[in-house]
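# Results of the structural survey
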Amino acid sequence: QVQLAESGGGLVQAGGSLRLSCAASGGTFSDCAMAWFRQAPGKEREFVAAISRNGGSPYYADSVKGRFTISRDNTKNTVYLQMNSLEPQDTAVYYCAADADVWFGSSWSGGYDYWGQGTQVTVSS
């Protein structure tokens with residue numbers, strides 16, 4: 001059983017940056033592919049980025065490609081999401097997720113076994 005806890009959300013102006021962190025506990029973090037999803041008010045949860053067990057093969061949604069960077073530190077059991085050039089449409093609750101069954105992360109939310117509680121990101125115009 002893996003527990004995930006996100007942090008780093010907040011209020012930022014358009015064009016600004018934030019770095020989200022997701023700390024894992026209770027399981028073998030390095031055995032999990034990791035991902036970030038987000039959910040805006042009134043919308044479905046959507047994929048943001050994923051990363052493989054060893055930190056390779058980052059994979060991004062088109063809407064964030066070139067602005068967001070996913071990374072992980074297996075020695076700290078933490079996955080990160082560096083968000084630059086933020087836009088108002090990036091406003092959402094951001095969730096990290098872990099999949100203990102695969103090497104590469106995917107964009108399909110149904111494949112993830114564990115989820116954090118989410119952290120709010122608000123981008124003002």
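Before reading on, note that the structure itself is shown above.
Below you will find a few notes about this structure. (Residues numbered from 1 in each chain as written. Predicted model: local features only at pLDDT ≥ 70, side-chain atom pairs only at ≥ 80, totals over all residues. Heavy atoms only, no water.)

### Focus: the overall build of the chain
Looking only at helices and strands, the chain has 0 helices and 11 strands in total. For the chain, the sequential pattern of α-helices and β-strands runs β-β-β-β-β-β-β-β-β-β-β. Principal-axis analysis of the C-alpha atoms places the extent of the chain at approximately 40 × 25 × 25 Å. The buried share of the chain, reckoned over its 125 residues, is 44%. Summarising the internal contacts of the chain: among those between residues at least 6 apart in sequence, 60% fall at separations of at least 24. Accessible area of the chain: about 6100 Å², with a carbon and sulfur share of 47%. Of note, the chain has its 9 positive side-chain charges centred 5 Å away from the centre of its 11 negative side-chain charges. (Helix = DSSP H or I, 4+ residues; strand = E, 2+ residues; numbered from the N terminus. Buried < 20%, exposed > 50% of the residue type's maximum accessible area, 1.4 Å probe, protein only. Contact = heavy atoms within 4.5 Å. Areas by Shrake-Rupley, 256 points an atom, 1.4 Å probe, with all protein chains shown as cover. Lys, Arg positive; Asp, Glu negative; His and termini not counted. Charge placed at Lys NZ, Arg CZ, Asp CG, Glu CD.)

### Thoughts on the nonpolar core
Grouped together as the largest cluster of nonpolar side chains are 36 residues, with contacts concentrated most on Leu4, Met34, Trp36, Leu81, Met83 and Tyr94. Put simply, the parts of the chain that give this core at least two residues each are β3 (18-25), β4 (33-39), β5 (46-51), β7 (68-73), β8 (78-83), β9 (92-99) and β11 (119-124). (Core = buried A, V, L, I, M, F, W, Y, C linked by side-chain atoms within 4.5 Å.)

### Some remarks on the side chain of Arg38
Checked against the element boundaries, Arg38 lands in strand β4. At a separation of 2.9 Å, a polar atom in the side chain of Arg38 contacts the side chain of Asp90. Within the local environment of Arg38, its side chain forms a polar contact with the side chain of Tyr94, the two groups lying 2.9 Å apart. Discounting chain neighbours no more than four positions away, the residues touching Arg38 are Glu44, Arg45, Glu46, Val48, Ser63, Val64, Phe68, Gln89, Asp90, Ala92, Val93 and Tyr94. (Polar contact = N/O pair within 3.5 Å; in protein donor to acceptor, adjacent residues only side chain to side chain.)

### Quick notes on the state of the cysteines
For the structure shown, the criterion picks out 1 disulfide. Each sulfur of the disulfide joining Cys22 and Cys96 lies 1.9 Å from the other. Sign of the S-S torsion, about 45° for the bond between Cys22 and Cys96, identifies this disulfide as right-handed. Note that Cys22 is positioned in strand β3 and Cys96 in strand β9, a separation of 74 residues in sequence. You can call Cys96 buried: its relative accessible area is 0%. Here Cys32 is not disulfide-linked; the sulfur of Cys22 is the nearest cysteine sulfur, at 10 Å. Overall, Cys32 belongs to the buried group, its relative accessible area being 2%. (Disulfide = S-S within 2.5 Å.)

### A short note on the packing of aromatic side chains
Within this structure, the stated rule accounts for 5 aromatic pairs. On the basis of an interplanar angle of 75° and a centroid distance of 5.5 Å, the ring pair of Phe37 and Tyr112 is categorised as edge-to-face. Of this pair, Phe37 sits in strand β4 while Tyr112 sits in the loop between β9 and β10 (114-115); the two residues are 75 residues apart in sequence, bridging distant segments of the chain. With 5.1 Å between their ring centres and 55° between their planes, Phe37 and Trp115 make a pair best called tilted. Here Trp115 lies in strand β10 and Phe37 lies in strand β4, a separation of 78 residues in the sequence. An aromatic cluster of at least three residues, connected via ring pairs, comprises Phe37, Phe47, Tyr59, Tyr112 and Trp115. The ring of Phe29 carries the charged tip of Arg72 above its face, separated from the ring centre by 4.3 Å. (Phe/Tyr/Trp six-rings, centres within 6.5 Å; stacked < 30°, edge-to-face > 60°. Lys NZ or Arg CZ within 6 Å of the ring centre and 35° of its normal.)

Spatial relationships are all this shows, so hold off on functional conclusions.
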